[in-house]
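# What the coordinates show
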Protein chains: 4
Amino acid sequence: MSFNSFGHIFRVTTWGESHGPALGATVDGCPPGIAISEEFIQVFLDRRRPGQSAMTTQRQEPDRVRILSGTYEGRTTGTPIQLMIENTDQRSKDYGEIARQFRPGHADITYHQKYGLRDPRGGGRSSARETAARVAAGGVAQAVLQALVPGLTITGYMVQMGEKHLNRANFDAAEILRNPFFLPDASAVAEWTDYLAAIRKDQNSVGAAIEVVATGCPPGLGAPIYAKMDSDLAAAMMTINAVKGVEIGEGMAAAALLGTENADEIVMGPNGPDYLSNHAGGILGGITTGQPIVVRMSVKPTSSILTPRRSINTAGEAVEVVTKGRHDPCVGIRAVPVAEAMMACVILDHLLLDRAQTGGVRGQIG
Amino acid sequence: MSFNSFGHIFRVTTWGESHGPALGATVDGCPPGIAISEEFIQVFLDRRRPGQSAMTTQRQEPDRVRILSGTYEGRTTGTPIQLMIENTDQRSKDYGEIARQFRPGHADITYHQKYGLRDPRGGGRSSARETAARVAAGGVAQAVLQALVPGLTITGYMVQMGEKHLNRANFDAAEILRNPFFLPDASAVAEWTDYLAAIRKDQNSVGAAIEVVATGCPPGLGAPIYAKMDSDLAAAMMTINAVKGVEIGEGMAAAALLGTENADEIVMGPNGPDYLSNHAGGILGGITTGQPIVVRMSVKPTSSILTPRRSINTAGEAVEVVTKGRHDPCVGIRAVPVAEAMMACVILDHLLLDRAQTGGVRGQIG
Amino acid sequence: MSFNSFGHIFRVTTWGESHGPALGATVDGCPPGIAISEEFIQVFLDRRRPGQSAMTTQRQEPDRVRILSGTYEGRTTGTPIQLMIENTDQRSKDYGEIARQFRPGHADITYHQKYGLRDPRGGGRSSARETAARVAAGGVAQAVLQALVPGLTITGYMVQMGEKHLNRANFDAAEILRNPFFLPDASAVAEWTDYLAAIRKDQNSVGAAIEVVATGCPPGLGAPIYAKMDSDLAAAMMTINAVKGVEIGEGMAAAALLGTENADEIVMGPNGPDYLSNHAGGILGGITTGQPIVVRMSVKPTSSILTPRRSINTAGEAVEVVTKGRHDPCVGIRAVPVAEAMMACVILDHLLLDRAQTGGVRGQIG
Amino acid sequence: MSFNSFGHIFRVTTWGESHGPALGATVDGCPPGIAISEEFIQVFLDRRRPGQSAMTTQRQEPDRVRILSGTYEGRTTGTPIQLMIENTDQRSKDYGEIARQFRPGHADITYHQKYGLRDPRGGGRSSARETAARVAAGGVAQAVLQALVPGLTITGYMVQMGEKHLNRANFDAAEILRNPFFLPDASAVAEWTDYLAAIRKDQNSVGAAIEVVATGCPPGLGAPIYAKMDSDLAAAMMTINAVKGVEIGEGMAAAALLGTENADEIVMGPNGPDYLSNHAGGILGGITTGQPIVVRMSVKPTSSILTPRRSINTAGEAVEVVTKGRHDPCVGIRAVPVAEAMMACVILDHLLLDRAQTGGVRGQIG
């Protein structure tokens, strides 16, 4: 049990508030001897960094990660890796006026009710800044996966933003990192840009849906019932701020399918079993099949908007809340590298768990 | 870490295979002094029992639960409660022919790849029979919740079966237990019956979506980041056989919303904060608000169908698979009491976790 | 977190009371494909069984173990193994009179204070019968260890009973299972027999110290700080009823040593590093060295004696307590197979943990 | 499962190496609203700080703790508390020559075998510096205990150093913090000083035994079998560097006792049950009685001595090892505040666990 950790063997504990001196992640259980550097991790952090474009918040955080422990001469030692990101841009005066108000849609009121007090500076622990720590931890997971499972790739992208949907016919993975939406369709970028600019101008925000796909993951990871790959992925994604739904493969659409449509038929391929479709999203009975693992999630629109909303304060008095400060009109954008990081951590964790129980040996077919 | 457990404090470990001598649940961490009986738990088990109608499998299991430990004179003692259900109907010959084949959409192939062997009798551990153990554990959770949180109710029902959707305008909770679909709309039962009968006649199966709602849950349960009430609920539901998507509140639909639409405005009610809507599904920042907790999930159509499907066997040879035996045309129906049980366990677990950390004291408003 | 489980990957949850219908152990995380049978486990159970001689309690329990799940055709499947032992000899009338009294030195009073009620029949959960479940789980661990680490042996024996001490000059492992004391010195058996008979005749009981040694354990198991092999062994042994002290290697005697005496010098042997002594008890920095792992523990005299003792009852009234019923004059004897079982579980657990993190690869020397 | 964490609810993860940029502890699960400050924690750290006297190593570390997260306006918020101690005195050249040698009695060789590499600077993770992080975490636990259990005290002291034993007839708790040995007997300080000076002069080191006592702990903390207060205490103490034995109450001496001697008789006192003796060390059946909790442990002599010892290097060649650098002649001394910290953490953890399961309500007597 831990309130701020996830993972069974590759175990990540994040700590820190939006406007404290620093935040970070303690990564425990990492395999030893893996090449790792601050520069390698920084690449992932830079992808989620605010201030990259007009699409995300203007807060200018360099978000430099430091490795404080767990490595020696550029390799992991098997001891805990402390990843720290100092908070350098702490304009807490922006938030001062809402210390006694509860912003609708925010954790302000539930923190107050549960803990009796809360750190109001920038949302404290509930700030999306916490996800920087996950992305750093995900960078470590990516380094380990590259060493242990060459060829495994994890790719996230947006599939929906408000009323805009990805046209999958145009899917081009090479475009994802070339636009501020992590959108695999260059032809739609201008339209999405205009759409989001209008929402921002309206002092509003908008939801999103993102998809993350892992290819090259070996079969046999996961477990049948409560350490299922899919339930751990669902939990991991649902811990990301503002996520309200998680789908594996067909997801919610499976409710509409017939049995003849849903089950992926199996044939023998050159390298083992092959499937004629992937409705399952790469997971059967909680265990990976070797097909791409497909996870989708929705991200609600940020509640921090300039449009006034009805609420109450700690005295129980009615107030109108307007959230000033720097906020993303679509927090779902920055959730893309966060979701990739979570998937990297979960897959690595199950790789380690699997070799604990089975030694990583696979039952043969053919 | 445990492959077959869930829960932090109220911790449930299930065990057993479809066609072994018995299956059950070990419930650890239960508060002491709670009145409990086999009869109380049996009520919940009877709801998910197969053989109740033409809608579910004809397997006639009495599914009688026995309490083997953890109670004395009708009360829990605080020691582990062993709940055992003996398997009395073990017609394993029905399944013999598929011991070397992999049924498409089943865990057969992933178990084989991971473990090198599998128990083919009735699907072994991957059988939906495992969910009987959860329902029994959920019965214990319900007894504890009744004692600790009088007025808390947990209600599950179907909202979709294939192309049929619940008409929420007709919602009548009183109807749920009066029809074999757990459908809160008496007027639709005949139509759903005909629809499913046709699917069965076609030797097919169909998916479903179900919703579970907890009312009367106190605010303050959950935790901000990785012990979130919503992530634990998502994980719990995703562990149920065949579930492929989980939603909290607006769920996937949140991707289409604007910030002005999504955040639930707050007013001061007679008993504390009140909300003008419940898009959040009763959870903000991972912590309950006191509003109804709303969880929805999809259940894929069972892959055990009489229609032939292409597959391979352990020798890697192409085969045509037809799953004989007794199977539900819509496994989503029986998932309703299972999802209720999981929600009861998760809420109780967080109630206990909360009183560990905070003593159950709530921050005051007004 | 679990109140009734131990182990990280190979995880054992025991359940059941002395006089309930059954007790047992749920073994989760077991590697698949391991040959196992009830007969194999029964051998270990028979060693701890009461009623074997005048040295232990006369309660005649057959203690037959049944495997209810987790195996198929004589091999483990990787799913949870339920081991059940039915209680056939439930003479609860023996204990009826003490239901409202607190026996000095027993858990009666602390259970009452903590839980508000207790199962007084035979001590309920606090009965040494619980250790039968551990021994059954230890049998599973032994089967796995035989498959994964051929040559590893775990041997427990008594080193002290009251004022009698093992003369290590006479140590003969072959004698251990040939006498009712698990004593590796045939020449002392008569003396120990007379000593214990006199104590029994005096309506008294006596403490003991036992030692368990694992040989053939590979180096590299454990972890530096909080998943130390020694701390997990200490915890495991301290969970055995009546154990009050645990030592690794030199144990408490290390307090008297000089640095020049204590550190085991290292030389290069034919098969890798060799040590000129084993003060460390096979563990350095929480990690096994490959030398024999040596653990010692004390077991207090049973408090269930016929000699009257001062106490109080639930009404707070002074009473004189005499514990009738069938009790061992030296419970330390039966702790020997229990301690062996715990060591088997802990070593296997760390073997699995190690291959999770490191893949089981060892750093080379020379 | 976590390699570098302990605790169930109040959960501490330590990180950092002796000569890295910093080390620290992540404290999760802390109750909210508790007054805490760096100054409060610093008091505990200062007690274990090296360089306080000729008795301990001359390394001059200020060991200043910083709170990086989890507090707001001087109170805990319920979110993770990051405690960081920067390493300012990193004379790694002292250790350079032993990077390829294995010091006898050290973790050098087991780290190398397990992980394939190790951080040789100052012992890396195996350095006793890690215990500073525990002491900082223990400071947080002490602050919470003072708030939740007024009157609870935790006191550690030395009872043995090599051939010198505490004369309990002279026991005076007021003296403990007045001498560099944490010795509750002022009259023995001179003798112990001379004894240790001679050992240092001989380029040797010596073992020790320490005792920690908690008074004012409520009854009912702990659990019967595997979450026993005593097994958690034993595990906690055994994780401290160099500890080789742990005893509760009578400890190993219980092996020599008769049942009539060992069981503590009970009478009714003015405030509830009272005991005529405390052989049990305050714990019965894994649950506290309300009597003082008494734990004792041995600490082996440090293996880092100037006297040459036989060993091998990574090439498998025979070498003579002399450990230069700054080392304590008796590491047991500094273990006293560490053991106090561990006891504070364990007791608090069980206090929280107990209120999770039972709500903290106690069964009445009388």
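This text follows the structure it describes.
Let me begin by describing the structure that accompanies this report. (Residues numbered from 1 in each chain as written. Chains lettered and ligands numbered in written order. Predicted model: local features only at pLDDT ≥ 70, side-chain atom pairs only at ≥ 80, totals over all residues. Heavy atoms only, no water.)

Counting its secondary structure elements, chain A contains seven helices and 18 strands. On the principal axes, the C-alpha backbone points of chain A span a range of 70 × 50 × 35 Å. Evaluated residue by residue, chain A yields a buried proportion of 70% over its 366 residues. The long-range share in chain A, meaning contacts at least 24 apart out of those at least 6 apart in sequence, stands at 70%. Summed over all atoms, the accessible surface of chain A reaches about 10,600 Å², with 49% contributed by carbon and sulfur. Between the averaged position of the 34 positive side-chain charges in chain A and that of its 37 negative side-chain charges there is a distance of 7 Å. (Helix = DSSP H or I, 4+ residues; strand = E, 2+ residues; numbered from the N terminus. Buried < 20%, exposed > 50% of the residue type's maximum accessible area, 1.4 Å probe, protein only. Contact = heavy atoms within 4.5 Å. Areas by Shrake-Rupley, 256 points an atom, 1.4 Å probe, with all protein chains shown as cover. Lys, Arg positive; Asp, Glu negative; His and termini not counted. Charge placed at Lys NZ, Arg CZ, Asp CG, Glu CD.)

Right, let's get into the interface of chain A and chain B. Across the contact, 113 residues belong to chain A and 113 residues belong to chain B. Regarding the contact of chain A and chain B, the summed buried area is about 9,000 Å², with carbon and sulfur atoms giving 62% of it. On the chain A side of the contact with chain B, K114(A), Y226(A) and K244(A) bury the most area, a combined 10% of that side's loss. Residues R309(B) and E265(A) are paired through a salt bridge, measuring 3.9 Å at the closest nitrogen-oxygen approach. Run the count over chain A and chain B and you get 52 residue pairs in polar contact (both at pLDDT 80 or more). Sort the elements by how many residues they give to the side of chain A that touches chain B and helix 2 (residues 108-115) of chain A lands first, with seven residues. Classifying every residue of the side of chain A that touches chain B by side-chain character gives 54 nonpolar, 43 polar and 16 charged. Relative to strand 11 (residues 243-248) of chain B, strand 11 (residues 243-248) of chain A runs antiparallel, the two sharing three bridges. (Buried area = accessible area lost by both parts, 1.4 Å probe. Salt bridge = Lys/Arg side-chain N within 4 Å of Asp/Glu carboxyl O. Polar contact = N/O pair within 3.5 Å; in protein donor to acceptor, adjacent residues only side chain to side chain. Nonpolar A, V, L, I, M, F, W, Y, C, P; charged D, E, K, R; others polar. Pairing = 2+ DSSP bridges.)

Contacts between the two partners involve 42 residues from chain B, matched on the other side by 42 residues from chain C. Counting the surface lost from both chain B and chain C, the interface buries some 3,200 Å², and carbon and sulfur atoms represent 64% of this. For the chain B face of the interface with chain C, the top three residues by lost area are W15(B), Y72(B) and L117(B), together amounting to 17%. Our count for the contact surface shared by chain B and chain C stands at zero salt bridges. Viewed at the interface, chain C and chain B are joined by nine residue pairs in polar contact (both at pLDDT 80 or more). Looking at the side of chain B that touches chain C, the elements that each hand over two or more residues are strand 2 (11-16), strand 3 (22-28), strand 4 (65-67), strand 5 (71-72), strand 6 (75-76) and strand 7 (81-86) of chain B. Of all the elements, strand 2 of chain B adds the most residues to the side of chain B that touches chain C, at five residues.

The antiparallel open sheet is built from ten strands, whose spatial order is 9(A)-8(A)-10(A)-16(A)-11(A)-11(B)-16(B)-10(B)-8(B)-9(B). Edge positions in the sheet fall to strand 9 (164-165) of chain A together with strand 9 (164-165) of chain B, since each has one partner strand and no second. With eight bridges joining them, strand 8 (residues 153-161) of chain A and strand 10 (residues 208-215) of chain A adopt antiparallel strand pairing. Looking at the pairing, T155(A) lines up with V213(A) of strand 10 of chain A. Packed onto the sheet, helix 5 (residues 229-238) of chain B meets strand 11 of chain A together with strand 11 and strand 16 (293-299) of chain B and runs at close to 155° relative to strand 11 of chain B. (Axes fitted to C-alpha atoms, helices over the stretch in contact; angles between N-to-C directions.)

Oppositely charged side chains are able to pair whenever their charged atoms sit close together. By the definition in use, this model includes 60 salt bridges over all chains. Notably, a salt bridge pairs D354(B) with K114(A), separated by 2.6 Å at the nearest N-O pair. Taken together, the residues span two chains, with D354(B) in helix 7 (residues 335-358) and K114(A) in helix 2. What makes K114(A) buried here is its relative accessible area of 1%. With its nearest N and O atoms 2.8 Å apart, the salt bridge here joins E130(C) to R134(C). Here E130(C) and its partner R134(C) are both found in helix 3 (residues 130-148), four residues apart, which amounts to about one turn of the helix. Each member of the pair, E130(C) as well as R134(C), is classed as buried. Salt bridges sharing common partners tie together R168(A), E211(A), E247(A) and R296(A).

Summed over all chains, the structure comprises 20 aromatic pairs over all chains. With a centroid separation of 5.8 Å and 80° between ring planes, the pair formed by Y111(C) and Y115(C) is classed as edge-to-face. Placement of the pair is Y111(C) and Y115(C) together in helix 2 (residues 108-115), with a separation of four residues, close to one helical turn. As far as burial versus exposure is concerned, Y111(C) and Y115(C) are alike and both buried. Seen in terms of ring centroids, Y157(D) and F171(D) are 4.9 Å apart; in terms of plane orientation they differ by 80°. Their pairing is edge-to-face. Taken together, the residues Y157(D) in strand 8 (residues 153-161) and F171(D) in the loop between strand 9 (164-165) and helix 4 (189-201) connect sequence positions 14 residues apart. (Phe/Tyr/Trp six-rings, centres within 6.5 Å; stacked < 30°, edge-to-face > 60°.)

Residue and element names in this part refer to chain D. Examined against the element boundaries, A341 turns out to sit in helix 7 (residues 331-358). Through-space distance from the C-alpha of A341 to that of G162 is 24 Å; in sequence the pair is 179 residues apart. In this structure A341 touches R134, V135 and G138, once residues within four positions along its chain are discounted.

With an RMSD of 0.0 Å, the operation that places chain B on chain C is a rotation of 180° combined with a shift of 0.0 Å along the axis. When the rotation and shift are considered jointly, the pair of chain copies conforms to a two-fold rotation axis. Of every C-alpha in chain B, the one belonging to T26(B) sits nearest the axis of rotation, 3.9 Å from it. With an isologous cut-off of 70% or more, the 100% of interface residues of chain B that recur at the interface of chain C puts this contact in the isologous class. (Least-squares fit on C-alpha atoms with pLDDT ≥ 70 in both.)

On to the relation of the copies chain A and chain B, then. Between chain A and chain B, which share one sequence, the superposing operator has a rotation angle of 180° and an axial displacement of 0.0 Å; the RMSD is 0.0 Å. In this assembly, 100% of the residues forming the interface of chain A have copies in chain B that are likewise at the interface, indicating an isologous arrangement.

Positionally, E17(D) belongs in the loop between strand 2 (11-16) and strand 3 (22-28). Taking relative accessible area as the criterion, E17(D) reaches 3% and is therefore assigned buried. C-alpha of E17(D) to C-alpha of A335(D): the two residues are 318 residues apart in sequence and 18 Å apart in space. The contacts of E17(D), once residues within four sequence positions are left out, are S69(A), G70(A), T79(A), A22(D), L23(D), N87(D), D119(D), G124(D) and R125(D).

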